[in-house]
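Read off the chains here:
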Amino acid sequence: MANNKSSKKSVSRMKPATTAKRDAVAQEAAAKKEQKKGQKRDVKKIATTIVIVFFAILMVVSMLLPSFAQVFSSNNQAQQAEEETEAPTYGSDEEVSADTDATSVDGVFNAYADEISSLEKKLSDDPDNLAYLLNLGQAYMSAGYQAANYASSDQDTTRISDAFDTAIGYFDQYLELQDSAAVKVDRALCQLYKGDTADAISALEQVTTDSPDYGPAWANLGLAYEVTGDTSKAKAAYKKAEEVDPDDTYGSYTFAEQRLTQLSQSDAQAAQEAVGDTTSDGDGSDATGVSGLSQALNGSGN
């Protein structure tokens, strides 16, 4: 009996300890459960925050899309215009269409009238369009140059000079928006065509200083020197054009080579005439005269 009582007392003492342990386990389980709930709430909160931020960014981007479109349009426009200016001008690089009556000053300007009218209308709707400005400048320059072949009166001369002035105006508008060595060369050529040779030379010399590796500037500077009769400087400029454009990327090498060949032939002919031993039956024109200059501007180089 004593043993039984002792055993009951032992069991009785163990019950509180077991209950406390169970309570501790239950509390721990409850704490873990609460912790998991808290973690879930945190995850939901983070997810909600991410969604809110995402939509906020989306809203901002959608508001900026018009601005981005304008930037991309401007960049594409500038790139297009720059690509068009890569082809240098050694005189007029556009010939009047063969099916037009371009045998007079009026005929030449009429041939360019539709193109110019269309471009001017487009420019009025988009006044900062580089491509329109460039094309208009070149159209007026080409029309003035072609028309000069048929000028026969003061009125014709004035009209041609006005065309070059208009071209210069469009080139100036272009240059206000974007710098371009090619456009500066075209502008200088308009001055040369008008007879403002000193200004043309000054402008071309500045381009060769600012962009010394741009072959067309050197080639056209050589041409301008030729017009003044300074063949020494002309030859030096042509040789520089060959040096900076050895692969003929801009056609500078070919043009300079042709002009140097012509100058050498002229020097040889002059030497023969000096000793009274010339057998040439040519017309005596050279690059410093109207005929020779016109031929050079057409790119024939002879």
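Scroll up to find the structure.
Computed from a prediction, not measured in an experiment: that's the story for all the values here.

1. Looking at the nonpolar core
Nonpolar side chains tend toward joint burial in soluble globular proteins. Within the largest apolar cluster, 56 residues are counted, with the highest numbers of intra-cluster contacts made by Met-141 and Tyr-238. When residues of this core are traced back to their parent elements, those giving at least two are helix H2 (105–125), helix H3 (130–148), helix H4 (154–177), helix H5 (181–194), helix H6 (197–210), helix H7 (215–228), helix H8 (231–244) and helix H9 (252–274).

2. Focus on the pattern of salt bridges
As a working rule, side chains carrying opposite charge can pair if their charged atoms are close by. For the structure shown, the criterion picks out eight salt bridges. One salt bridge in this structure joins Arg-159 and Asp-106, with 2.4 Å as the shortest N-O distance. Of this pair, Arg-159 sits in helix H4 while Asp-106 sits in helix H2, and the two are 53 residues apart along the sequence. Since its relative accessible area comes to 45%, Asp-106 is described here as partly exposed. With its nearest N and O atoms 3.4 Å apart, the salt bridge here joins Lys-240 to Glu-243. Of this pair, Lys-240 and Glu-243 both sit in helix H8, three residues apart, roughly one helical turn.

3. With respect to unusual backbone geometry
The backbone phi angle of Asp-248 is positive, close to 60°, even though this residue is not glycine. You can see Asp-248 is positioned in the loop between H8 and H9.

Criteria and cut-off values
Residues numbered from 1 in each chain as written. Predicted model: local features only at pLDDT ≥ 70, side-chain atom pairs only at ≥ 80, totals over all residues. Heavy atoms only, no water. Core = buried A, V, L, I, M, F, W, Y, C linked by side-chain atoms within 4.5 Å. Buried < 20%, exposed > 50% of the residue type's maximum accessible area, 1.4 Å probe, protein only. Helix = DSSP H or I, 4+ residues; strand = E, 2+ residues; numbered from the N terminus. Salt bridge = Lys/Arg side-chain N within 4 Å of Asp/Glu carboxyl O.

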